[in-house]
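# Summary of the model geometry
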Amino acid sequence: MIIFKTEADIQNYLSDLRLKGKSIGFVPTMGALHAGHGSLVIKAKDETDCVVCSVFVNPTQFNDKVDFEKYPITREADLALLLEWGCQVAFFPDVEDVYPNGMNAGSEFDFGYLNTILEGEKRPGHFQGVGQVVSRLLDIVKPSDLFMGQKDFQQCMVIQKLLELKENPYQTKLHICPTVRDADGLAMSSRNKLLSEPQRTLAATIYQCLVSIQSKQSTDSFSVVQRECLDLLTNKDFIPEYVSIADANNLSLLEDFDAKRKMVALIAAKIGSVRLIDNLLLN
Ligand code: PAF
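Report follows, based on the coordinates. Computed from a predicted structure; not experimentally measured. (Residues numbered from 1 in each chain as written. Predicted model: local features only at pLDDT ≥ 70, side-chain atom pairs only at ≥ 80, totals over all residues. Heavy atoms only, no water.)

### Observations concerning the overall build of the protein chain
- Along the protein chain, the regular secondary structure elements total 11 helices and 10 strands.
- Computed over C-alpha atoms, the radius of gyration of the protein chain comes to 19 Å, within 12% of the 19 Å expected from 2.2 N^0.38 for 283 residues, which places it in the range of a compact globule.
- A principal-axis box enclosing the C-alpha atoms of the protein chain has dimensions of 55 × 40 × 35 Å.
- Taking all 283 residues of the protein chain together, the buried fraction comes to 52%.
- Considering only residue pairs separated by 6 or more positions, the protein chain has 73% of its internal contacts joining residues 24 or more positions apart.
- Summed over its atoms, the accessible surface of the protein chain is roughly 12900 Å², and 51% of this surface lies on carbon and sulfur atoms. (Helix = DSSP H or I, 4+ residues; strand = E, 2+ residues; numbered from the N terminus. Rg over C-alpha atoms; globule rule 2.2 N^0.38 Å. Buried < 20%, exposed > 50% of the residue type's maximum accessible area, 1.4 Å probe, protein only. Contact = heavy atoms within 4.5 Å. Areas by Shrake-Rupley, 256 points an atom, 1.4 Å probe, with all protein chains shown as cover.)

Structural data, given as structure tokens:
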């Protein structure tokens, strides 16, 4: 595995590969890597000639300063995992490499409706920051294929929109890969590292709620199941932010189940100071 820190060095290396007709698979991350990232790297290895994984904790996507400050950084372990997964290129840029003109200099992206609901509503500025950094990383790596996890369902839609807004200059294909879960159903996330042991035990409640929404979609009304989930989460020490269902194609929020549509259930809830999100396709 080759490790790069600067735009010039990585671009030099990748442009040679591109000239040789090699495809480049890109897995952007914020580090604190886990098996969920591993599944993206492994999928990228199956589908492309060279896998690039970036590790950069992007300051501009944190709407909460404390969340940024306590975001787990596990650089040595990340490198060891990338080696184990067979990643060919690791990119560990500094803030100055990603934002040479300062953090406020990037383009503004109009994500429209996606920016007004769920994560967009609860985390003002978050998707602008995600758009800014992914746009910049795409311009550095110029990947043929981009691999992201379904765990961040709304983020995947935002990135699809970003590719459209940028007129997809590298003809990048977005691959949305299935969420990887622990044995009790908890979706793997870097933030799980911040959970205490009792919190970790309770954290699988989110998945239990998603499964319960899925199993009751043809027998109950959503408002009833939603109430049950909100109560269950609250009883298990969570502060729920939303328990919602939406059309999985465009994320328009639904009042009730609608079997004619492809649906997704989405939950965000805080346990202590750790905010977790998860989702499940319903049909
Ligand atoms: O999902 C993440 O880890 C981040 O939002 C991403 C896509 C790497 C951008 O910083």
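Moving on from the model shown.
### Digging into the sheet that holds strand E9 (residues 263-271)
- The antiparallel open sheet is built from four strands, whose spatial order is E8-E7-E9-E10. Edge positions in the open sheet fall to strand E8 (253-254) and strand E10 (274-281), since each of these has one partner strand only.
- As judged from the nine bridges shared by strand E7 (residues 238-247) and E9, these two strands associate in the antiparallel manner. Of the residues in E9, the one forming a bridge with Asp247 is Met263.
- Across the sheet, helix H10 (residues 205-215) touches E7, E9 and E10, and the angle it forms with E10 is around 25°.
- On top of the sheet, helix H11 (residues 222-235) reaches E7 and E9; it is set at about 155° to E7, its chief contact. (Pairing = 2+ DSSP bridges. Axes fitted to C-alpha atoms, helices over the stretch in contact; angles between N-to-C directions.)

### A closer look at empty space enclosed by the protein
- Tallied over the entire structure, the rule returns one cavity of 30 Å³ or more.
- The space that makes up the largest cavity amounts to roughly 60 Å³.
- Those elements that place two or more of their residues in the lining of the largest cavity are H10 and E10.
- With three residues, E10 is the single largest residue contributor to the lining of the largest cavity. (1 Å grid on protein atoms, 1.4 Å probe; cavity = no way out; pocket = protein on both sides within 12 Å on 5 of 7 lines; lining within 4 Å. Points joined across faces, edges and corners; volume = space filled by probe spheres on them.)

### Examining unusual backbone geometry
- One non-glycine residue, Leu118, lies in the positive phi region at around 45°.
- As for its placement among the helices and strands, Leu118 is situated in helix H6 (residues 118-122).
- Take Leu118: its relative accessible area is 4%, and that puts it in the buried class.
- Even without being glycine, Asn168 reaches a positive phi, approximately 35°.
- Take Asn168: it is sitting in the loop between helix H8 (153-165) and strand E6 (173-177).

### Topic: the layout of surface pockets
- Here the second largest pocket defines a volume of roughly 200 Å³.
- Taken together, 13 residues line the second largest pocket, and the ones lying closest to its centre are Tyr99, Ala105, Gly106, Ser107 and Arg136.
- No other element matches the four residues that helix H7 (residues 126-141) contributes to the lining of the second largest pocket.
- Of the residues contributing to the lining of the second largest pocket, the split by class is five nonpolar, six polar and two charged. (Nonpolar A, V, L, I, M, F, W, Y, C, P; charged D, E, K, R; others polar.)

### Side note on the pattern of salt bridges
- Tallied over the entire structure, the rule returns 18 salt bridges.
- Across the salt bridge formed by Asp184 and Arg200, the nearest N and O atoms sit 2.9 Å from each other. In this pair, Asp184 sits in the loop between E6 and helix H9 (197-203) while Arg200 sits in helix H9, placing the two residues 16 residues apart along the sequence.
- Taking relative accessible area as the criterion, Asp184 reaches 33% and is therefore assigned partly exposed. (Salt bridge = Lys/Arg side-chain N within 4 Å of Asp/Glu carboxyl O.)

### Description of the site of the ligand
- The environment of the ligand is made up of Pro28, Thr29, Met30, Asn58, Gln61, Val133, Met148, Asp152 and Gln155.
- Between the ligand and Gln155, the relevant distance is 2.7 Å, taken from an oxygen atom to a side-chain nitrogen or oxygen of the residue.
- Burial of the ligand by the protein chains amounts to 89% of its free accessible area of 290 Å². (Near = heavy atom within 4 Å. Polar contact = N/O pair within 3.5 Å; in protein donor to acceptor, adjacent residues only side chain to side chain.)

### Details of the packing of H10 against H11
- In contact at an axis separation of 10 Å, H10 and H11 are set at 165° when each is read in the N-to-C sense. Compared by their axis directions, H10 and H11 come out roughly antiparallel. Seen along the crossing, H10 lies across H11 with a hand that is right-handed. From H10, Thr205, Ile206, Cys209, Ser212 and Ile213 reach across to H11, where they touch Phe222, Val225, Cys229, Leu232 and Leu233.
- When the residues that make up the contact of H10 with H11 are grouped by side-chain class, the tally is eight nonpolar, two polar and no charged. (Parallel < 35°, antiparallel > 145°, perpendicular 65-115°, else oblique. Left-handed = near helix turned anticlockwise from the far one by under 90°.)

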